[in-house]
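# Coordinate analysis (summary)
The lines below spell out each chain.
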Amino acid sequence: MSTPESSPLTHFDADGQAHMVDVGAKAETRRVAVATGRIHMLPATFDMVKSGSAKKGDVLGIARIAAIQASKRTSELIPLCHPIPLTRVAVEFELDEAAHAIRCTVTAETVGRTGVEMEALTAVNVGLLTIYDMCKAVDRGMRMDGIQLMEKLGGKSGHWKA
């Protein structure tokens, strides 16, 4: 059987078959992950979101709730993710007037045996997708980019920063 020490790809066993990693022997530690991404849009779409005048309602408020909900359901979306009891999920939006873009940054936290990187990344993606969904009637050309993990803390690998 493959172990994390014998293979850098921990979701595969010695025969190359996918499996859920056994985290039972790991210590429970505080885990934090920060992920980010942006959505670019037309100036008129950006102004609509900024002013809160979208026909579907408060775009950023709904996107924040969607991101939080997505973080809690990550294990249902990503097949080999463990269900994690999140202790905190914070979603921030930063409006970039010059680029007509909105940055979504998510911080996810838990005390547990495995990290929350996937929860933070899933939340960013769903937050940005929700903005797209709420604005697509006026701007089908919106573009998402720069989705990435910025930082993780906790566990055996310690602190990592992009």
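Structural data are supplied above this passage.
Quantities reported herein were computed from a predicted structural model and do not represent experimental measurements.

### Some thoughts on the packing of helix α2 (residues 59-72) against helix α4 (residues 117-135)
One way to put it is that α2 packs onto α4 with a least axis distance of 7 Å and a crossing angle of 145 degrees. Crossing angle aside, the handedness with which α2 passes α4 is right-handed. Here V59, L60, I62, A63, A66, A67, A70 and S71 of α2 come into contact with α4, specifically with E119, T122, A123, V126, G127, T130, I131, M134 and C135. Residue composition of the contact of α2 with α4, grouped by class: 12 nonpolar, 4 polar and 1 charged.

### Focus on unusual backbone geometry
Positive phi is not limited to glycine here, since H100 has a value of about 50 degrees. Classification of H100 by relative accessible area gives partly exposed; the value is 24%.

### Side note on the pattern of salt bridges
Scanning all chains against the criterion turns up 8 salt bridges. Where R30 meets E109, a salt bridge forms, and the shortest distance between an N and an O atom there is 3.3 Å. One end of the pair, R30, is in strand β1 (residues 29-40); the other, E109, is in strand β3 (residues 101-112), and 79 residues separate them in sequence. Linking R38 and D96 is a salt bridge whose minimum nitrogen-to-oxygen distance equals 3.2 Å. Placement of R38 in strand β1 and of D96 in strand β2 (residues 88-96) is noted, with a sequence separation of 58 residues between them. Residue R38 is classed as buried on the basis of its relative accessible area, which comes to 17%. One continuous salt-bridge network, built from bridges that share partners, spans R30, R88 and E109.

### Some remarks on the pairing of β1
Within β1, 10 of the 12 residues are buried, leaving the element largely enclosed by the surrounding structure. Note: β1 against β3, 12 bridges, orientation antiparallel. Along β3, the bridge assignment pairs R38 with R103. Note: β1 against strand β4 (residues 143-153), 8 bridges, orientation antiparallel.

So, how was this worked out
- Residues numbered from 1 in each chain as written.
- Predicted model: local features only at pLDDT ≥ 70, side-chain atom pairs only at ≥ 80, totals over all residues.
- Heavy atoms only, no water.
- Axes fitted to C-alpha atoms, helices over the stretch in contact; angles between N-to-C directions.
- Helix = DSSP H or I, 4+ residues; strand = E, 2+ residues; numbered from the N terminus.
- Left-handed = near helix turned anticlockwise from the far one by under 90°.
- Contact = heavy atoms within 4.5 Å.
- Nonpolar A, V, L, I, M, F, W, Y, C, P; charged D, E, K, R; others polar.
- Buried < 20%, exposed > 50% of the residue type's maximum accessible area, 1.4 Å probe, protein only.
- Salt bridge = Lys/Arg side-chain N within 4 Å of Asp/Glu carboxyl O.
- Pairing = 2+ DSSP bridges.

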